Amino acid sequence: IVHLFLAMMMTLSLIPSFSSPVIAAASDVLGLHDGAKLLQTSERTAVMKELQDVEKRYGVGMAIITVPSTNKMKIGDYANKLLDSTFKDGKKGNMVLVLAMDTRDYYIATDKAMKERITDAKGIPALEEKFLPALKKSDYAGAFTAYARGVGEQLAYYEENGKALSALQMYCSG
C-alpha cells in the first residue's frame with residue numbers, strides 16, 4: 001500500500017502544472033478562479049455576480065482566471081487551452097480572460113461563436129479600454145468588473161443589432 005501511495009504521488013507530480021488551474025477553474029461555478037489570490041472575498045463575490053449576470057442574460061460562458069505563472073507557456077496558448085478544455089458550456093459563445101502575475105500579462109481567448117459577437121479587431125480593443133486602466137493600477141476587482149460589464153455592453157449591442165460593435169460605434173458611444 002505504501003508503494004502504491006508513493007507511485008500515485010510520483011505520478012501526480014509529473015502532471016503538468018497547467019492541469020491545476022484547469023481543475024480549480026472547472027470547480028468554480030461562475031468562471032472565476034483567482035489562483036494568484038488578488039481578490040478579497042467581498043471583491044470576489046462582486047465580480048462573480050457581474051459574470052453571472054452577463055452569462056445568464058446572454059447565454060454565454062465567461063471566465064476570469066488569475067495565475068501566479070503559466071510556467072513558461074505563452075499566455076495566449078494557455079488561455080486558448082483553458083477555453084478549449086474547460087470553458088465551453090456557453091450556448092452562444094465562450095471567452096476567458098487570463099492574467100499571469102509573473103509576466104504581468106493577460107490574454108482574452110474567444111471561441112468562434114463569441115468572435116461573431118466580440119471581434120478580435122474591434123471588440124477586444126474596446127474591452128481593453130474598459131478594464132486596462134484599473135488593471136494598470138492593480139485594481140483587480142475594478143478591472144474584472146469593468147471587463148464583465150464591457151462584455152455585457154457588447155453582447156447587448158449584438159442582440160439588438162444582429163452584428164458586432166464597429167469601431168465607429170465604439171468611439172461615438174463612449
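Reference entry: report on the structure contained in this document.

Each value, and the rule that gives it
Residues numbered from 1 in each chain as written. Predicted model: local features only at pLDDT ≥ 70, side-chain atom pairs only at ≥ 80, totals over all residues. Heavy atoms only, no water. Helix = DSSP H or I, 4+ residues; strand = E, 2+ residues; numbered from the N terminus. Buried < 20%, exposed > 50% of the residue type's maximum accessible area, 1.4 Å probe, protein only. Contact = heavy atoms within 4.5 Å. Areas by Shrake-Rupley, 256 points an atom, 1.4 Å probe, with all protein chains shown as cover. Pairing = 2+ DSSP bridges. Right-handed = clockwise from strand over helix to strand, strands pointing away. Axes fitted to C-alpha atoms, helices over the stretch in contact; angles between N-to-C directions. Expected span 1.5 Å × (residues − 1). Bend = angle between axes of the 7 residues up to and from the residue.

Across its full length, the protein carries 8 helices and 4 strands. Counting across all 174 residues of the protein, residues that qualify as buried make up 47%. For the protein, the share of sequence-separated contacts (at least 6 apart) that also reach a separation of at least 24 residues comes to 62%. With the model as given, the accessible surface of the protein reaches about 9800 Å², and the carbon-plus-sulfur share is 58%.

This part takes up the pairing of strand β3 (residues 94-100). The buried count for β3 comes to 7 of 7 residues, which makes it a mostly enclosed element. Neither face of β3 is left uncovered, since the one carrying N94, V96, V98 and A100 and the one carrying M95, L97 and L99 both have all their residues buried. With 7 bridges joining them, strand β2 (residues 61-67) and β3 adopt parallel strand pairing. Residue A63 lies in a different strand from β3, and its bridge partner there is V96. Crossover connection from β2 via helix α4 (residues 75-85) to parallel β3: handedness right-handed. With 6 bridges connecting them, β3 and strand β4 (residues 105-110) associate as antiparallel partners. Opposite V98, over in β4, you have Y107 as the bridge partner.

This part covers the sheet that holds β3. One key point about sheets: their strands pair by backbone hydrogen bonds, in either a parallel or an antiparallel sense. Spatially, β1-β2-β3-β4 is the arrangement adopted by the 4 strands of the open sheet, whose pairing is mixed. Both outer strands of the open sheet, β1 (32-34) and β4, are each paired with one neighbouring strand and no more. Between one strand axis and the next, the sheet turns by 10 degrees as a mean value, whatever way the strands run. In this fold α4 packs onto β2, β3 and β4, with an angle of close to 40 degrees to the strand it touches most, β4. In the packing of helix α6 (residues 123-136) onto the sheet, contacts are made with β3 and β4, and the angle to β4 comes to roughly 150 degrees.

A separate point is α6. For α6, built from 14 residues, the straight-helix expectation of 20 Å at 1.5 Å per residue is met to within 8% by its first-to-last C-alpha distance of 20 Å. Most pronounced at K130, the bend in α6 amounts to some 40 degrees, and the proline P133 follows within four residues. The set of residues buried in α6 consists of G123, I124, A126, L127, F131, L132, A134 and L135. Just downstream of α6, S138 is the residue with a positive phi angle, here 60 degrees.

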